[in-house]
Structures are given as structure tokens and as C-alpha cells.
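Listed below, chain by chain, are the residues.
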Amino acid sequence: MSLTGSFDRTLSTDDVLRRRSSLLQRLHIDGILLLLLLLLATGSLFILYSASGKNVDLLMKQASSFGIGLVAMVIIAQFEPRFMARWVPLGYLCGVALLVVVDVMGHNAMGATRWINIPGVIRFQPSEFMKILMPATMAWYLSKRTLPPSLKHVAVSLAMIVTPFVLILLQPDLGTSLLILASGAFVLFIAGLQWRWIAGAVAAIAPIAVAMWFFVMHDYQKRRVLTFMNPESDPLGAGWNIIQSKAAIGSGGVFGKGWLLGTQSHLDFLPESHTDFIIAVLAEEFGLIGVCLLLLLYILLIARGLVITVQAQTLFGKLLAGGLTMTFFVYVFINIGMVSGLLPVVGVPLPFISYGGTSLITLLSSFGILMSIHTHRKWIAQA
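Presented here is an overview of the structure given in this document. Please read all numbers here as calculations on a predicted model, not as lab measurements.

Take the packing of aromatic side chains next. This structure, assessed with the given rule, holds 10 aromatic pairs. Aromatic pair Phe 46 and Trp 259: ring centres 5.4 Å apart, planes at 65°, arrangement edge-to-face. Placement of Phe 46 in helix H2 (residues 31-51) and of Trp 259 in the loop between helix H10 (240-251) and helix H11 (263-266) is noted, with a sequence separation of 213 residues between them. Residue classification places Phe 46 among the partly exposed residues on the basis of a relative accessible area of 44%.

It is worth spelling out the side chain of Glu 284 at this point. With respect to the element layout, Glu 284 can be found in helix H12 (residues 278-311). Residues contacting Glu 284, with those up to four places away along its chain left out, are Ala 248, Ser 251, Gly 252, Gly 256, Lys 257, Gly 262, Thr 263, Gln 264 and Ser 265.

The biggest cluster of nonpolar side chains holds 90 residues, and the ones touching the most others in it are Leu 301, Phe 328, Phe 352 and Phe 367. Considering each element in turn, this core owes the most residues, 13 residues, to H12. Once you skip the residues sitting within four places of it in the chain, Phe 367 turns out to touch Leu 33, Leu 37, Met 73, Leu 301, Phe 328 and Phe 352.

On to the pattern of salt bridges, then. Taken as a whole and judged by the stated rule, the model has 4 salt bridges. With a closest N to O distance of 2.6 Å, Arg 304 and Asp 30 form a salt bridge. Of this pair, Arg 304 sits in helix H12 while Asp 30 sits in the loop between helix H1 (2-26) and H2, and the two are 274 residues apart along the sequence. You'll find Arg 304 and Asp 30 in the same group, each marked buried. With its nearest N and O atoms 2.8 Å apart, the salt bridge here joins Glu 128 to Lys 131. With Glu 128 and Lys 131 both in helix H5 (residues 126-143) and 3 residues apart, this pair spans about one turn of that helix. By the burial criterion, Glu 128 is buried, and Lys 131 matches it.

Omega for the peptide link from Leu 147 to Pro 148 comes to 0°, which places this bond in the cis form. Tracing the chain through its elements places Pro 148 in the loop between H5 and helix H6 (151-169). With a phi angle near 70°, Phe 352 is a residue other than glycine that sits in the positive phi range. Topologically, Phe 352 is positioned in the loop between helix H13 (315-339) and helix H14 (357-382).

Reading the values: rules and limits
- Residues numbered from 1 in each chain as written.
- Predicted model: local features only at pLDDT ≥ 70, side-chain atom pairs only at ≥ 80, totals over all residues.
- Heavy atoms only, no water.
- Phe/Tyr/Trp six-rings, centres within 6.5 Å; stacked < 30°, edge-to-face > 60°.
- Helix = DSSP H or I, 4+ residues; strand = E, 2+ residues; numbered from the N terminus.
- Buried < 20%, exposed > 50% of the residue type's maximum accessible area, 1.4 Å probe, protein only.
- Contact = heavy atoms within 4.5 Å.
- Core = buried A, V, L, I, M, F, W, Y, C linked by side-chain atoms within 4.5 Å.
- Salt bridge = Lys/Arg side-chain N within 4 Å of Asp/Glu carboxyl O.

Distances and angles like these do not, on their own, reveal function.
What follows is the structure, given as C-alpha cells:
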């Protein structure tokens, strides 16, 4: 009797797991991605509460953005990749048009014009949407051509990448413009860009960087690069952020000082502690262990994205999934590198952790696209 009861309980547990899996499949939700995103969302609210100086209003806004982003993710996951591909060109044109509107009559804050502000309705940052639209546009264009792409198709692709890159650079927003550039370049690379062209692009980096230094970059951006090489040259000015962030990271040790007990952020030594430099707060309060756990979640997200890329059944899905996954990797790499002093400060927030509504909703929407590519693949395979 006991063996029969145990067997029945086992069957019951298996049935429950099967039903949950079936429900997620019907909703076109990837369970692994959803679990990882919810873990990041929960952890980020704890970190943000401390980094913002226990600002409940800011915490509620971030939680609301998470909720909106999750809804957007679920809705986007319902659409087949083929349906999305039809609307990509229109989305790209609308995105570029919004960037032009920003440059002409956008909302200015802290010396930058990056937002469109509709008083009493909404304020949003159009450049964030290009983080999805750029790789989607490249995937749409290249999936309709013979691969590897010819010189003509590479030239057209570069023109489509450079247009939003320049418009965002004019805002000025060097960090986001570089992410947009990388998101398009990754799709070109995945499409089979010939190695001699890649080598040529790498060789062109030096003269392009020199040209940008003299003709494009603003004085404050130049100071950031010079400070990156020697932060102690201006410890109370441009070098302050890097010096304080490294001090916060080092003072956390292995186990950290404890939640809400960080001194660098709570005593206002660390500027932008709830946005660009929030990982320094995490390192100070939760130590090396906390940082490693966060990196593990990021690695698992990236690994899942790469699995979805490999398993994608259409060329459009493969290019788009790969582009979105690698862009997310660059997003994480640049922020952590800049906060730890390995890269110049370019104003890139930490994905899912830093405060920011438009950025958060855009990131969750991109994972909705990944879920769509993966779950509709399963549906096609079973049909």
C-alpha cells in the first residue's frame, strides 16, 4: 500500500510539472529565462533600495517598470518571428524619426538631450528602442540576402547602422551609440562577414578613434578617457567616480558589509550610485560573493540566449537571437568594466539592476523576442 501511495504521489508530481510546462508553452514563455529574470528583478529591488538611500518612491517606480516590462515581454512572446519581421522596416524608420525629433526638439537634462517629453503624459528615451530595432533590422535585411553578405549588402548594412549611431552620438550619448553600433555589427558577424573585412574594420579603429577625438567627442568625454588612464590626476574632479567606485568595491571584501551598511553610497561619496555605479554598492554591501552570484545569473542568461540562437529554425530568428544576446553581453561588460576602472566611463547602466524605466522595459521586451523565437520553434516542430 505504501509503495502504491508513493507511486501515485510521484505520478501526481509529474503531472503537475507537465501541466506547468504545458501552460508556459501555451503562453510562449521560456521557463528558464523567466526564472532568471525574476531572480534578477527581486535582487535588484533590494540593491536599489539601499543604493537610492531608502527612496521608496524610486523603488515603486522601478517595480512598476518591471511590471510593465514583464507584461510587454509576455505580449511580444505571443507574436511569431515571421510576423515581427514584417514590421521591422517600419519600426526602424519610426525609430530614426524619433531620434531626429530628439535632436531637433528633445528634452534636455544634465547637459544632454536624450528624451522626448510629453508634459503630463510620458517622458521616454527613443535611443533605448534602437537597441532592439537595430539588430532586428539587420536580421531582417540580411536574412533576405545570400550569405555571407556581399560588399554591396555590407555597405547598405553599415549605412543603416551608422545613421542611428550618429543621431545618438549628437545627443550626446556615447555609451548608447556604441551599443547600437555593436548590436548591428554582431548581426553582421553572425551572418558570416568575411574575415578580411573584419581585419580591415579592426585596422580602421585607430584612425576613426583619432578622428572622433578631434572632431566628435566633447570635452567632458575626453576628460573621461584621460581620467581612465590616470584617475589620480584629477581626484576631486573627473577621477572622483572611478576612485570612489574602486574604493567601494575593495572595501566590501569577500562577504561585504551587509545590506544597507555601505558607507560609500550612504555617505554620498559615490555619485550615480543608483544608476551607472550601482554594482559598486552591491560589491560593498554583499562582497565578492554577491558580485559572483550576479555574474552567474548574467552568464546563465547569456548561455540560454546562445542556446536559443543555435536552436532557431529560421535565419531571421538565428540572426536576431544572436544579435540580442551578444548586445546584452556587451551591455554587462561595458558597465562592469567602467565601474571597476577597466574601461572609460561612458554612461551605460547595469542591465536589470540600475534604475531606469525605458531601459528596463526595452530589455524585457528583447527577452520576449527571444522567448518567441524559441517557443514558436517548438510549436513548429510539433506541428
